[in-house]
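Each chain, letter by letter, is given below.
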There are 4 protein chains.
Amino acid sequence: MNRLFFLDLLSTIADRGREILDISTTGGSGGTKTIEQLCRDLLSGRGEATGTALAREVAQAWAALPPERHLDFFTTLVQAYSPDPEAVTKAAQAYTSAPDHQALARLGQVVEPPRQELIRRINMAPGGTATVVSMRAALGRLLRDHPELKVVDADFQHLLSSWFNRGFLVLRSVNWNTPASILEKLIAYEAVHEIQGWEDLRRRLAPDRRCFAFFHPAMSDEPLIFVEVALVHKLSDNVGDILSDAVDEAAARSASTAIFYSISNCQEGLRGISFGNFLIKQVVEELSREMPSLRTFATLSPIPGFMGWLKEQAEGKEPLFPSEEARLLLEATSQRGWHADADKAEALRMPLLRAAARYLAKARRGDMPRDPVARFHLGNGARLEQLNWMANTSPKGLKESAGMMVNYAYRLPEIERNHEALLTEGRIITSRSVRTLAAA
Amino acid sequence: MNRLFFLDLLSTIADRGREILDISTTGGSGGTKTIEQLCRDLLSGRGEATGTALAREVAQAWAALPPERHLDFFTTLVQAYSPDPEAVTKAAQAYTSAPDHQALARLGQVVEPPRQELIRRINMAPGGTATVVSMRAALGRLLRDHPELKVVDADFQHLLSSWFNRGFLVLRSVNWNTPASILEKLIAYEAVHEIQGWEDLRRRLAPDRRCFAFFHPAMSDEPLIFVEVALVHKLSDNVGDILSDAVDEAAARSASTAIFYSISNCQEGLRGISFGNFLIKQVVEELSREMPSLRTFATLSPIPGFMGWLKEQAEGKEPLFPSEEARLLLEATSQRGWHADADKAEALRMPLLRAAARYLAKARRGDMPRDPVARFHLGNGARLEQLNWMANTSPKGLKESAGMMVNYAYRLPEIERNHEALLTEGRIITSRSVRTLAAA
Amino acid sequence: MNRLFFLDLLSTIADRGREILDISTTGGSGGTKTIEQLCRDLLSGRGEATGTALAREVAQAWAALPPERHLDFFTTLVQAYSPDPEAVTKAAQAYTSAPDHQALARLGQVVEPPRQELIRRINMAPGGTATVVSMRAALGRLLRDHPELKVVDADFQHLLSSWFNRGFLVLRSVNWNTPASILEKLIAYEAVHEIQGWEDLRRRLAPDRRCFAFFHPAMSDEPLIFVEVALVHKLSDNVGDILSDAVDEAAARSASTAIFYSISNCQEGLRGISFGNFLIKQVVEELSREMPSLRTFATLSPIPGFMGWLKEQAEGKEPLFPSEEARLLLEATSQRGWHADADKAEALRMPLLRAAARYLAKARRGDMPRDPVARFHLGNGARLEQLNWMANTSPKGLKESAGMMVNYAYRLPEIERNHEALLTEGRIITSRSVRTLAAA
Amino acid sequence: MNRLFFLDLLSTIADRGREILDISTTGGSGGTKTIEQLCRDLLSGRGEATGTALAREVAQAWAALPPERHLDFFTTLVQAYSPDPEAVTKAAQAYTSAPDHQALARLGQVVEPPRQELIRRINMAPGGTATVVSMRAALGRLLRDHPELKVVDADFQHLLSSWFNRGFLVLRSVNWNTPASILEKLIAYEAVHEIQGWEDLRRRLAPDRRCFAFFHPAMSDEPLIFVEVALVHKLSDNVGDILSDAVDEAAARSASTAIFYSISNCQEGLRGISFGNFLIKQVVEELSREMPSLRTFATLSPIPGFMGWLKEQAEGKEPLFPSEEARLLLEATSQRGWHADADKAEALRMPLLRAAARYLAKARRGDMPRDPVARFHLGNGARLEQLNWMANTSPKGLKESAGMMVNYAYRLPEIERNHEALLTEGRIITSRSVRTLAAA
């Protein structure tokens, strides 16, 4: 691989910061055309002729479009850029009467909404990919109230999934040498444990921490997703330790364990396109290479659905757990400050851990784990490793999961086996300790 | 734009040259699986779990596959990864009976061949994009004898068109500071005027020449298409001048005219995906910026279809030109060495120029210019500028076009207008001199 | 210039971040040797053999040396690494008796202190240049109490002046895309108008501001000196405007004037080596190129010596100004809040401006301007351009210069002429307005 | 180390390729001034004012100076920029009468030739370092006929030694991804085994070869010195194997031995400034890191002085070897084609190897090895490892050393010990096999 040339090659894009020639190829549009008119031009012959110039105008028009005009724009995409029902009907009938390659190909052509080609052409603009992602973010905000736009969203998602294929993504270590313009985005996007300004950020990037993000070459200013990692000496059972101030210099040199304590998606416009799966596995590879002392890779994760499930148990809805005991646990944990009362807490410790183990190891939605975080990590091939008492006593932690957290462990040689066991046999792979708790 | 970070970001990919950890996540495959089996795994649940590892195995299996096995592989892609006819029929019927969004969406899903998703997953491998392009190159070699593979080719082309969208391409100046590993590819790929080794290449990259190429970030070692430009003082009427040895230092500083004398596509696997259009226009922009003295941007192009057309005229097939005169011209130019006989040549000069002007300005295939090179440049919005006598007296030049060549001129402010005139009114825009010749 | 290769070339140094092999070439030193012993080894034959390994040990020993041992170390450099008086005497006598080339060369050799060669060898260590600069910074702190160390300081300065020759420095724009690790140094080093954390820094790097710094390739993490520039529409007469929050987007696009409002040296160890002169001129060139709308380049500078001079005038010491008027002005400006009283301030305006003009345009130290800031800029070829009333009403501004500030203007075509006029004729070049004030 | 920023930082220099503003700060010089006049200006006050502009003019004047004017220029440097004899005499007398710090400092100032400051100022020009190196190269060509210029050469060497201090050099791998503009310099500069064009070069950069060069940031287009390395499976005893065409893929992956088969200095202007010592050691470190399978690092070196020494032995001059035997060997090897006659060659094998062993292990110039190549490598701490029969049967190889070559081995842990043994005790460290031969 030609690293040298590659760097230079790509600086070409980046150098475009210099003033771009204002080339008046598009004649009299002069800002007087609406974005809808520009889109029509772009998809017509004019778009073919003038290359990226019209695409740039659409991108500029989008950037200038006030949010209250968004609905109009997307409605136009539904009304003017959907497949032609007559043509589809005709092609469908042709296929049913003679299902050959030609008929299939024809059918394939007419069912593809013309707005897909429109989106591909918008992408040709300088910064076009960011424009497309931004359009989908805006679209997402309208979907709930305007479900008729879902067909447009499907087209955006289809193209963006293809363009943000894993093969085009770049994993990058983010650290204190990273430009401030990127770092400030970490502060903005961190979704799990909020970053309190630059000093907090600096601690998150200290020698006993790591941060990795995926980037796309066509949107190099914007992280797509990032994960924060703590290098420690044993499986973390407490998020407070991780967020504390003291840098562990020894861990920076010879940690045995890497804890993935926060994963944040950054781009609203890319929701539904999954990067986390790839990110964790590649970061495991990267860290293995960088620090051979690492033996264990695990998350320290919340259990967001536990208390909700416990309520259902109390109501006897899904009988994985004695409803009477569930009721008692609910009542005990509903008392303000219960966790600070050592005796009370100690009395509740084993029953709650047992309940949580049962929830995580047995409760399902369909064939998959019921808890959404469990579903993500176990579906990725992780193992349900360890339950942690009093791991997150923030109000949110207490409310969601009675302060408990869980570690999911990623072991590269087991990932496929675990994943297969879950998918084909429905088995959730757990450590002995969790198994014991769940069975108790 | 954050040039700095972008460079570093991308060096991450490039640094992968270092040894990649051999992570045995895929268990016992150990090279004993065929590429077909690996593809099946990749598209199944196993592929989801093990991320890019299986994709890498497919890429390696492809690299090791002997050419005589290619047909098997692509045949499998036809047989095992085409849409399910039953499902398509069912969805087609459902749509015709109730043509709503759901039915349309369902129809769209079932008509997409599963091999598209397979190709998307192969792309996830390190170097996956190059693998996909290489597959399509191999496929292309089989198409003529195996037209049933065209449906597979259509899927490759569909995805590659999307992935090699103009918005993802990077224009790069190629010069004597470019790595040798890239430069040797220019020597290999130059299709118009062969490069005779490194010394010839150095002359093509001398100060009075420019060379630009498009690259894709996921295939940064490989130019996709490149154009060679000569900086000169007036519209070149002769390719010999351009290929000569003498460097014009004055032109290097203050040329008035940039001649695009050679455009070469490099990737067989990307045939049918058009880059030339974008390339020329962006190079015009780049050069305008770099060298404000440039006033004229034009090609010096062959006229590959002229003599064939003249034969048809002689046969009276397409009466744009008196058949008798055509016959005389054909006969005269069929004599060996006619062009070296000054008197003969002079006698033929005007008649042949008039014939060529008529051919270029009037002959059609459908509504478009009949000559393929004319079709490309005029379709891009260039103007038919000047006919050149004795411009290429190589055997090929004499045989194709009686030694004549033509300049197509690109003027940014006129490109759209010219293109529209051609597309909507069928008008070929020409200079006055060509118009006069064609009318004579 | 081969930009591409250059980048890669230099990344080689930078990649040294990866762990450096611990090569035990230096045998049993094992941390038991003092820095003095290591220096002796380094200057002996051992140093020649083991290349940079011993230099690295010296650098490490220096980094670990407690400040209270610094004096010992530098004292050793005086005592053990000074020229040999006997040898110098002998060579001096030889020269006086026969002043030929050989005698001169011999004399040159023996008068060069051996510690210069020691410092050159320390510089061979990875990070050696930073070590040498750090040594001189420490030395600087001892000089006042230990004037006998000045001879050592002279050697450090001699070598560092040569190594930080303008030809080796790199000018860099510093902006919001610069790594946080560099940006935090701006916060630390800003000496004129303190930067109040990251938000203030961001404002200093907003689109209507510029910041440039000099770096040295062997110390690429450390700015040497930086200048902050405000892009504005007219000669700034007020530092408050520059430090205010509102970003002037119009100025970012089409400013007529660039104000150099703060220049800060960063490296204590490089004091006495002048960069400011080169920095300003090169930034003028850079900005001219980037923004052709710029017509005026000027500082907005304090007048640190004005009130001190006015006191001397009041005492009749240096009769450039009537002592009686000086006394009145001193008394008026010694009243708390005088500047906030519109009537009082107005009454004092013209007399104080006249006094300041006379101070700047006429007061001398030797043949040079008496004010140290004036000395720097006028010595660089700037012109004394404009006096500004109520330009800096901070306590410091009032105390030093009754709230006045001054613009020095840099005009490339005049720089040499102005400089020559000052140096050869002792003339201070002023604008008409300042001249009028000074003469009044 | 902040790699990211460093890269960008340095691209700033490199970007200077773009046209530099012609800033007419130096008034009417307009090319009418001689280089001698420009130098005078540069060293005067004018030089201070106009920063690097005058230095640039001197650099341009040097580039345009015809070689026949070089002698004038350097003669001016002797006559007009030498120390003032009167001032030196006065300072020398002052010192002898009162040898204190002040007197010493004063003496140091006056003995430094003013041309050193002139050279420092020339270095400030863009490309100034290359100008200074080029001046010294030209000077070197004049020294033999004009020994009076040696004092000027000493000043150039003094400054260049300091500027090309090991701490400022960058080691770079050179390979097929290196820009053609650098690679062509390898072809030009290879001094040991000529490179026969691009194909030969490509073989020298094949996977079983390595090439490393030192560069200086201020002259990044120019290698200073480079070494070519062959990766092989055992100590090479034959240069033909190394220069052969067949690439050893196994060696590329798992060589046990790295053979340094060619070291070439590139810059005539840097002669006498030693880089080879550092280069070999750092390359040993680099390769150890890259390829842990490497156990042995050795040269395959010529023995340039052997036959000359043998002649002296024959004349009984330096009695390390029986003069009668020396005469016989000389006579036998003076017969054309002796080495191709198997019987003759076999008969001569042991006597010649013994003679060569004795030459290398015992013959001296002063306390150092007599053979110049031996002096270099043994002085660097290498060990005299193995003598090779029929290792280089080229005419030159036969003439210099009867076709024999020698390996010097570099073992990092022994380097210092070997060096010390040579320097302090005069012992040449040899392998047992060489010792046995030498003693026989």
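All of these numbers come straight from a predicted model, not from anything done at the bench.

**As for the overall build of chain A**
- For chain A, the helix and strand inventory stands at 22 helices and nine strands.
- C-alpha extents for chain A along the principal axes are approximately 80 × 55 × 40 Å.
- Out of the 440 residues belonging to chain A, those deemed buried represent 57%.
- Considering only residue pairs separated by 6 or more positions, chain A has 71% of its internal contacts joining residues 24 or more positions apart.
- For chain A, the exposed surface amounts to about 17800 Å²; the carbon and sulfur share of it is 52%.

**With respect to the nonpolar core**
- In terms of nonpolar packing, the biggest core is built from 213 residues, with Phe74(A), Phe306(A), Phe74(B) and Phe306(B) touching the most fellow members.
- Dropping the residues within four chain positions of it, Phe74(A) is found in contact with Trp62(A), Met135(A), Ala138(A), Leu139(A), Leu142(A), Leu149(A), Val152(A) and Phe156(A).
- Among the nonpolar cores identified, the runner-up in size contains 212 residues, and Ile122(C), Trp62(D), Val373(D) and Leu398(D) belong to it.

**Brief notes about the packing of aromatic side chains**
- All chains considered together, the criterion is met by 46 aromatic pairs over all chains.
- For the ring pair Phe168(C) and Trp163(D), a centre distance of 5.5 Å and an interplane angle of 75° mean the geometry is edge-to-face. Taken together, the positions of Phe168(C) in the loop between helix H10 (150-163) and strand E1 (170-173) and Trp163(D) in helix H10 (residues 150-163) put the pair across two chains. Each member of the pair, Phe168(C) together with Trp163(D), is buried.

**Some details on the pairing of strand E5 (residues 296-299) of chain D**
Residue and element names in this part refer to chain D.
- Where strand E4 (residues 257-265) lies against E5, four bridges are found, and the strand directions are parallel. Of the residues in E5, the one forming a bridge with Thr257 is Thr296.
- As a crossover connection, the stretch from E4 through helix H15 (residues 276-290) into E5 is right-handed.

**Quick word on the domain arrangement of chain A**
All names here are of chain A.
- The domain boundaries assigned to chain A delineate domain 1 (2-163), domain 2 (167-299) and domain 3 (306-439).
- Buried area between domain 1 and domain 2, both sides added, is near 1000 Å², and the carbon and sulfur share of it is 55%.
- The largest per-residue losses of area from domain 1 upon contact with domain 2 belong to Val133, Arg136 and Trp163, which jointly make up 39% of the total buried on that side.
- At the boundary of domain 1 and domain 2, one finds two salt bridges.
- Across the pair Arg271 and Asp153 runs a salt bridge whose closest N-O atoms are separated by 3.0 Å.
- Elements with a contribution of two residues or more to the side of domain 1 that touches domain 2: helix H9 (128-143) and helix H10 (150-163).
- Top contributing element to the side of domain 1 that touches domain 2 by residue count: H9, with eight residues.
- Partitioning the side of domain 1 that touches domain 2 into residue classes produces six nonpolar, five polar and three charged.

**Observations concerning H9(A)**
All names here are of chain A.
- Its 16 residues give H9 an end-to-end C-alpha distance of 23 Å, which sits within 8% of 22 Å, the value for a rise of 1.5 Å per residue.
- With twelve of 16 residues buried, H9 is to be regarded as a mostly interior element.
- Within H9, burial applies to Gly128, Thr129, Thr131, Val132, Val133, Met135, Arg136, Ala137, Ala138, Leu139, Leu142 and Leu143.
- The inward-facing, buried residues of H9 abut helix H4 (52-64), helix H5 (70-80), helix H8 (114-122) and H10.

**With respect to the pairing of strand E9 (residues 405-409) of chain A**
Residue and element names in this part refer to chain A.
- For E9, a buried count of five out of five residues is recorded, marking the element as mostly surrounded by other parts of the structure.
- Covered by surrounding structure in E9 are Met405, Asn407 and Ala409 together with Val406 and Tyr408, the residues of both alternating faces.
- Bridge analysis of strand E8 (residues 383-388) against E9 gives five bridges, and the strand direction is antiparallel. By the bridge assignment for E9, Leu384 is matched with Tyr408.

**Here we look at the side chain of Ser181(A)**
- Within the secondary structure layout, Ser181(A) lies in helix H11 (residues 180-189).
- Among the polar contacts made by the side chain of Ser181(A), one reaches the side chain of Asn177(C) at a distance of 2.5 Å.

**Description of the side chain of Asn418(A)**
Residue and element names in this part refer to chain A.
- Mapped onto the secondary structure, Asn418 falls in helix H21 (residues 412-425).
- Assessed through its relative accessible area of 7%, Asn418 is described here as buried.
- Excluding its chain neighbours within four sequence positions, the residues that come into contact with Asn418 are Gly381, Ala382, Arg383 and Ile429.

**Side note on helix H7 (residues 101-111) of chain B**
- Every buried residue of H7(B) is listed here: Ala103(B), Leu104(B), Leu107(B), Val110(B) and Val111(B). Take H7(B) and look down its axis: the buried residues cluster within an arc of 135°, on one side only. Pointing more than 90 degrees away from the buried face of H7(B) are the exposed residues Gln102(B) and Gln109(B).
- Check the buried side of H7(B) and you find it contacts helix H6 (85-97) and helix H7 (101-111) of chain A together with helix H6 (85-97) of chain B.

**A closer look at the pattern of salt bridges**
- Scanning all chains against the criterion turns up 111 salt bridges over all chains.
- Residue Glu117(A) is joined to Arg121(A) by a salt bridge in which the shortest nitrogen-to-oxygen separation is 3.1 Å. With Glu117(A) and Arg121(A) both in helix H8, this residue pair falls four residues apart, about one helical turn.
- Given a relative accessible area of 14%, Arg121(A) falls into the buried group.
- We note a salt bridge from Glu190(D) to Arg204(D), for which the minimum N-O separation is 3.3 Å. Here Glu190(D), found in the loop between helix H11 (180-189) and helix H12 (197-204), pairs with Arg204(D), found in helix H12; they are 14 residues apart in sequence, far enough to count as distant. The two residues Glu190(D) and Arg204(D) agree in class, both being buried.
- Salt bridges here are not isolated pairs; linked through shared partners, they connect Glu112(A), Glu117(A), Arg120(A) and Arg121(A).

**Overview of the environment of Ser82(D)**
All names here are of chain D.
- Structurally, Ser82 can be placed in the loop between helix H5 (70-80) and helix H6 (85-97).
- Excluding its chain neighbours within four sequence positions, the residues that come into contact with Ser82 are Leu77, Pro114 and Arg115.
- Within the structure, the side chain of Ser82 is placed 2.6 Å from the backbone oxygen of Val78, a separation counted as a polar contact.
- Separated by 2.8 Å, the side chains of Ser82 and Arg115 make a polar contact.

**Comments concerning unusual backbone geometry**
- Unusually for a residue other than glycine, Met390(B) sits at a positive phi of about 55°.
- In this structure, Met390(B) sits in the loop between strand E8 (383-388) and helix H20 (395-401).
- Unlike most non-glycine residues, Ala402(D) shows phi in positive territory, near 50°.
- With respect to the helices, strands and loops of the structure, Ala402(D) is situated in the loop between helix H20 (395-401) and strand E9 (405-409).

**Here we look at the packing of H11(A) against helix H12 (residues 197-204) of chain A**
Residues and elements named next belong to chain A.
- Packing of H11 against H12 leaves a shortest axis separation of 10 Å and a crossing angle of 95°. Between H11 and H12, the angle is such that the two are roughly perpendicular. Residue-level inspection shows Ala180, Leu183, Glu184, Leu186 and Ile187 of H11 in contact with H12, the latter providing Gly197, Trp198 and Leu201.
- In terms of residue class, the contact of H11 with H12 is made up of six nonpolar, one polar and one charged.

**Quick word on the environment of Gln157(C)**
Residue and element names in this part refer to chain C.
- Inspection of the secondary structure puts Gln157 in helix H10.
- The class of Gln157 is partly exposed, set by a relative accessible area of 25%.
- It is 21 Å that separates the C-alpha atoms of Gln157 and Ala213, two residues lying 56 residues apart in sequence.
- Every residue in contact with Gln157, bar those within four places of it in the chain, is listed here: Arg136, Arg271, Gly272 and Ile273.

**Focus: the confidence of the model for chain A**
All names here are of chain A.
- Taken as a whole, chain A shows an average pLDDT of 89; of its residues, 91% reach a score of 70 or greater.
- Long-range and interchain partners of residues 9-29, a stretch whose pLDDT sits below 50, account for 46 contacts in this model, where long-range means more than four residues apart.
- ipTM for the predicted complex: 0.87, alongside a pTM of 0.88.

Rules of the game
Every chain begins its residue count from 1, and numbering advances along the sequence as written. By the order in which they are written, chains take letters starting at A while ligands take numbers starting at 1. Local features in a predicted model are, by the rule used here, given only for residues with pLDDT of at least 70; side-chain atom pairs are given and counted only at 80 or more, and totals for whole chains, interfaces and linings are based on all residues. Each side-chain value is worked out from all heavy atoms of the structure, with water and hydrogens disregarded. Where helices and strands are cited, they refer to DSSP runs of H or I of at least four residues and of E of at least two residues respectively, numbered from the N terminus. With a 1.4 Å probe rolled over the protein chains alone, any residue whose accessible area is under 20% of its type maximum counts as buried; one over 50% counts as exposed, and the rest are partly exposed. Contacts are assigned to residue pairs that have any heavy atoms within 4.5 Å of one another. The accessible surface values rely on the Shrake-Rupley method and a 1.4 Å probe; as for residues, cover is taken only from the protein chains in view. By nonpolar core we mean a set of buried residues, namely Ala, Val, Leu, Ile, Met, Phe, Trp, Tyr and Cys, connected to one another through side-chain atoms within 4.5 Å. Pairing of aromatic rings covers Phe, Tyr and the six-membered ring of Trp, with a centre-to-centre limit of 6.5 Å; geometry is then stacked below 30 degrees between planes, edge-to-face above 60, and tilted otherwise. For two strands to pair, DSSP has to find at least two bridges joining them. Handedness rule for crossovers: strands pointing away from the viewer, path from the first strand over the helix to the second running clockwise, crossover right-handed. Boundaries of every domain are those given by an automatic assignment or by a domain database. Buried area adds together the accessible area that both of two parts lose upon being put together, with accessible area traced by a 1.4 Å probe. Salt bridges are identified by distance alone: a Lys or Arg side-chain nitrogen within 4 Å of an Asp or Glu carboxyl oxygen. Side-chain classes are defined by residue name, with Ala, Val, Leu, Ile, Met, Phe, Trp, Tyr, Cys and Pro counting as nonpolar, Asp, Glu, Lys and Arg as charged, and the others, Gly among them, as polar. Expected helix span is given by 1.5 Å per residue-to-residue step, counting one fewer step than there are residues. Two N or O atoms form a polar contact when they lie within 3.5 Å of each other; inside protein one atom must be a possible hydrogen donor and the other a possible acceptor, and for residues adjacent in sequence the pair counts only when both atoms belong to side chains. When we speak of the arc, we mean the arc of directions from the helix axis to the C-beta atoms. In this analysis an axis means a line fitted to C-alpha atoms, helices contributing only their contacting stretch, and an angle means the value between N-to-C directions, from 0 to 180 degrees. Roughly parallel refers to an angle under 35 degrees, roughly antiparallel to one over 145, roughly perpendicular to one between 65 and 115, and oblique to any angle outside these ranges. Along the chain, pLDDT gives the predictor's confidence residue by residue, from 0 to 100.

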